Amino acid sequence: MFTSNRISRINNTIDSHIYAWSSVPSFAPMAEILSNSRDILIEKLLELTSQRDNTAESVRLFLINFALERMAGKITSEHFTIFRDVETVEVILEDSYGIKCRPDRDDILIPHQNEALKIVIQCLFYRAKAADEKDMLCFLHMFSRTKPESRPDQDRTMRLRSMIWFIYLAIEIIKTERGVCTKGLEYFREKFRQLLDCTIEGTIIDEESRFPGFEEGKWEKTLFGWLQGEDRREFAVKLKRQFNMENRLEHVNRCLLADHRRCILVQVMAAFCKQP
């Protein structure tokens, strides 16, 4: 039985977020989402706060995730575009996912958008502490249908674009090698590293012979395969640097951190291992 005191505390928490976000023009649409979803939020938060290990910061992260998920639009080739290399990115994505022809333009058919956006949100705001408003602003600039007027932090924008690449490469692994789901996180992590290295080395596809490439050629038609090529090698090398596998300390806001990479792999497994 839920007490009126618990419901009152939850209402106060929702109100405090509505008040804080309403005072910042860029976040006002998030406040409106909370205001229009109060009944749903109360139900969800009653369940969440019934667990002893959930703190006030867990509630805050839930409210941020709830609002951002409902503000998110769609993923386009622009969200994959880093190093200002628009043409390389578009060709890779077209080769990998195909296009839909329209009278005025051709759209790249990027799959798994709902899952990918949820993973971005979960793994950008994964820590049980106050979420960074600069990250929230950056997400809204990139993905929201309502664009904030203020400019986002460019380093954090680069991190978000790197997360998109990391997510979609991780999805390719699960879709191509279902055994990853039973072999666990450590195997998944090492497989990702191995495939990225093979892409850079040019062994995903054996271009020197008729024989299949790495692991009997099963990765040739994946995003890893389309990333391979002499004209794309520099891009792949830069992309690996953005993933920050060595956990370098410089550009801490620009590159992925170990917690980002781990969170993405865990969430990709959770979302795609259960799919047929």
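Not measured: the values here are computed from a predicted model.

Draft legend 1. Region of the structure containing a positive patch on the surface. Together, K44, R70, K118 and K274 line one region of the surface with positive charge. Structurally, K118 is set in helix α6 (residues 113-124).

Draft legend 2. Layout of the packing of aromatic side chains. With the rule as written, the count across this model stands at 12 aromatic pairs. With centroids separated by 6.1 Å and ring planes inclined at 35°, the aromatic side chains of F62 and F66 adopt a geometry described as tilted. Here F62 and its partner F66 are both found in helix α4 (residues 56-71), 4 residues apart, which amounts to about one turn of the helix. What makes F66 buried here is its relative accessible area of 6%. Joined through ring pairs, the aromatic side chains of F80, F83, Y97, W165, Y168 and F235 make up one cluster.

Draft legend 3. Representation of the packing of helix α8 (residues 154-176) against helix α10 (residues 185-201) within the structure. Put simply, α8 and α10 touch, their axes get as near as 11 Å, and they point 105° apart. Put simply, α8 runs roughly perpendicular to α10. Together, F166, L169, A170, I173 and I174 of α8 and F188, K191, F192 and L195 of α10 make up the contact between the two elements. The class makeup of the residues in the contact of α8 with α10 is 8 nonpolar, no polar and 1 charged.

Draft legend 4. Quick peek at the nonpolar core. Within the largest apolar cluster, 85 residues are counted, with the highest numbers of intra-cluster contacts made by W21, W165, Y168, F192 and F243. Sorting elements by how many residues they give to this core places α8 first, with 13 residues. Apart from the residues lying within four places of it in its own chain, the contact partners of W21 are F27, A28, M30, A31, L34, L63, I64, A67 and M136.

Draft legend 5. Here's a closer look at the environment of D106. Its place among the elements puts D106 in strand β2 (residues 106-108). The class for D106 is partly exposed, based on a relative accessible area of 47%. Setting aside chain neighbours within four positions, we find D106 in contact with I99, K100 and C101.

Draft legend 6. Representation of the packing of helix α2 (residues 28-36) against α4. Axis separation between α2 and α4 bottoms out at 9 Å; the angle between their running directions is 105°. When the axis of α2 is compared with that of α4, the two are roughly perpendicular. Facing P29, M30, I33 and L34 of α2, the residues of α4 in contact are L63, I64, F66, A67, L68, R70 and M71.

Draft legend 7. Representation of a negative patch on the surface. On the surface, E87, E90, E94 and D106 cluster together to form a negatively charged patch. Of all the elements, helix α5 (residues 86-97) adds the most residues to the negative patch, at 3 residues.

Draft legend 8. Structural view of α4. Across its 16 residues, α4 extends 23 Å between first and last C-alpha, which sits within 8% of the 22 Å expected from 1.5 Å per residue. For α4, the full list of buried residues reads S58, V59, R60, L61, L63, I64, N65, F66, A67, L68 and M71.

Draft legend 9. Representation of unusual backbone geometry in the model. With a phi angle near 60°, F83 is a residue other than glycine that sits in the positive phi range. Here F83 falls in the partly exposed class, since its relative accessible area comes to 24%.

Draft legend 10. Up close: the environment of E207. Among the structural elements, E207 can be located in the loop between α10 and α11 (223-227). Sequence separation between E207 and C255 is 48 residues; the distance between their C-alpha atoms is 32 Å. Every residue in contact with E207, bar those within four places of it in the chain, is listed here: Q228 and G229.

Rules used throughout
The residue count restarts for each chain, going from 1 along the sequence in the order it is written. Under the rules for a predicted model, residues below a pLDDT of 70 receive no local features and side-chain atom pairs below 80 are neither given nor counted, while totals for whole chains, interfaces and linings still include all residues. Hydrogen atoms and water are omitted, and side-chain values are computed over all heavy atoms in the structure. Note on patches: the residues involved have over 30% relative accessible area and no salt bridge, like charges join within 9 Å, and the nonpolar side chains Val, Leu, Ile, Met, Phe, Trp and Tyr join within 5 Å. Method for areas: the Shrake-Rupley scheme with a 1.4 Å probe, in which residue coverage is limited to the protein chains shown. Every case where a carboxyl oxygen of Asp or Glu lies within 4 Å of a side-chain nitrogen of Lys or Arg is listed as a salt bridge. We score Asp and Glu as negative and Lys and Arg as positive, and we do not count His or the chain ends. Charge coordinates come from a single atom per side chain, which is NZ of Lys, CZ of Arg, CG of Asp or CD of Glu. A run of H or I in DSSP becomes a helix once it reaches four residues, and a run of E becomes a strand once it reaches two; helices and strands are each numbered from the N terminus. The pairing test for Phe, Tyr and Trp rings, Trp by its six-membered ring, is centres within 6.5 Å, and the orientation test on the planes gives stacked under 30 degrees, edge-to-face over 60, and tilted for anything in between. Accessibility here uses a 1.4 Å probe with only protein chains present; expressed as a share of the type maximum, an area under 20% marks a residue as buried, one over 50% as exposed, and anything in between as partly exposed. To obtain an axis, a line is fitted to C-alpha atoms, over the contacting stretch when the element is a helix, and the angle between two such axes runs from 0 to 180 degrees between their N-to-C directions. With respect to orientation, any angle under 35 degrees is reported as roughly parallel, any angle over 145 as roughly antiparallel, any angle of 65 to 115 as roughly perpendicular, and every other angle as oblique. Pairs of residues are marked as contacts when any of their non-hydrogen atoms sit within 4.5 Å. Charged means Asp, Glu, Lys or Arg here, nonpolar means Ala, Val, Leu, Ile, Met, Phe, Trp, Tyr, Cys or Pro, and polar covers whatever is left, Gly included. For this analysis, a nonpolar core means a set of buried residues of the types Ala, Val, Leu, Ile, Met, Phe, Trp, Tyr and Cys, connected via side-chain atoms within 4.5 Å. Expected span, for any helix, means 1.5 Å times one less than how many residues it has.

This is a description of form; function is not addressed.
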